[in-house]
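Listed here are the chains, written in short residue letters.
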Amino acid sequence: MARRSDIEGEFLKAISRARDGLVIVTTADFIRELAAVNWHWSYEEANCWVKVHTVTFRDITADHGENKLWFQFNPNGGL
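Looking up the protein chain in an unreviewed UniProt entry gives the name DNA polymerase V, with the organism given as Superficieibacter electus.

Spelled out as structure tokens, the structure:
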């Protein structure tokens, strides 16, 4: 059964480090981690959650697609 408390944890699991040292997460990775704990979200829902619930991640996607690339611009500011 899906639990609301799983969402933040799955977001943290989706975070990775790029070769240039940036801490990043893609919407597709976040959705994949959510699906593992029975949350089935669309790209729009996942992007909205990131915008609303994080203060240190910003969208750096080159195109205007739904699979956003988010990077952590201030790692000392929390989630």
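S.K.: I tried to follow the overall build of the protein chain on my own but got confused; where do I start?
M.R.: If you tally the helices and strands in the protein chain, you get three helices and four strands. Compactness check: the protein chain gives a C-alpha radius of gyration of 12 Å against a globular reference of 12 Å for 79 residues, within 12% of the reference. Seen through its C-alpha atoms, the protein chain measures out along the principal axes to roughly 35 × 30 × 25 Å. The proportion of buried residues among the 79 residues of the protein chain is 35%.

S.K.: Quick question: what am I supposed to make of unusual backbone geometry here?
M.R.: Most peptide bonds adopt trans geometry, and most residues besides glycine take a negative phi value. Even without glycine at this site, Asn38 takes up a positive phi of about 70°. When you line up the elements, Asn38 lands in the loop between helix H2 (27–35) and helix H3 (43–53). Under the relative-accessibility criterion, Asn38 is labelled partly exposed at 47%.

S.K.: So what exactly am I meant to see when it comes to the sheet that holds strand S4 (residues 69–72) here?
M.R.: By definition, the strands of a sheet pair up through backbone hydrogen bonds, in either a parallel or an antiparallel sense. Read across the sheet, four strands follow the order S1-S2-S4-S3 without closing on themselves; strand pairing throughout is antiparallel. For this open sheet the edge positions go to strand S1 (16–17) and strand S3 (57–59), each flanked by a neighbour on one side alone. Relative to S4, strand S2 (residues 23–26) runs antiparallel, the two being bridged by three bridges. Bridging from a neighbouring strand, Ile24 pairs with Phe71 of S4.

S.K.: Explain the pairing of S4 here, please?
M.R.: Along a regular strand, successive side chains alternate from one face of the sheet to the other. In the sheet, S3 pairs with S4 via three bridges, with the strands oriented antiparallel. Bridged to Arg58 within S4 is Phe71.

S.K.: Could you clarify how one ought to interpret the pattern of salt bridges in this entry?
M.R.: Once their charged atoms are close, side chains differing in charge can pair, the charge on each being opposite to the other. Tallied over the full model, the rule gives five salt bridges. Between Glu10 and Lys13 there is a salt bridge; the shortest N-O distance is 3.4 Å. Note that Glu10 and Lys13 are positioned in helix H1 (residues 6–14) at a spacing of three residues, about one turn of the helix. What makes Glu10 buried here is its relative accessible area of 6%.

Procedures and definitions
- Residues numbered from 1 in each chain as written.
- Predicted model: local features only at pLDDT ≥ 70, side-chain atom pairs only at ≥ 80, totals over all residues.
- Heavy atoms only, no water.
- Helix = DSSP H or I, 4+ residues; strand = E, 2+ residues; numbered from the N terminus.
- Rg over C-alpha atoms; globule rule 2.2 N^0.38 Å.
- Buried < 20%, exposed > 50% of the residue type's maximum accessible area, 1.4 Å probe, protein only.
- Pairing = 2+ DSSP bridges.
- Salt bridge = Lys/Arg side-chain N within 4 Å of Asp/Glu carboxyl O.

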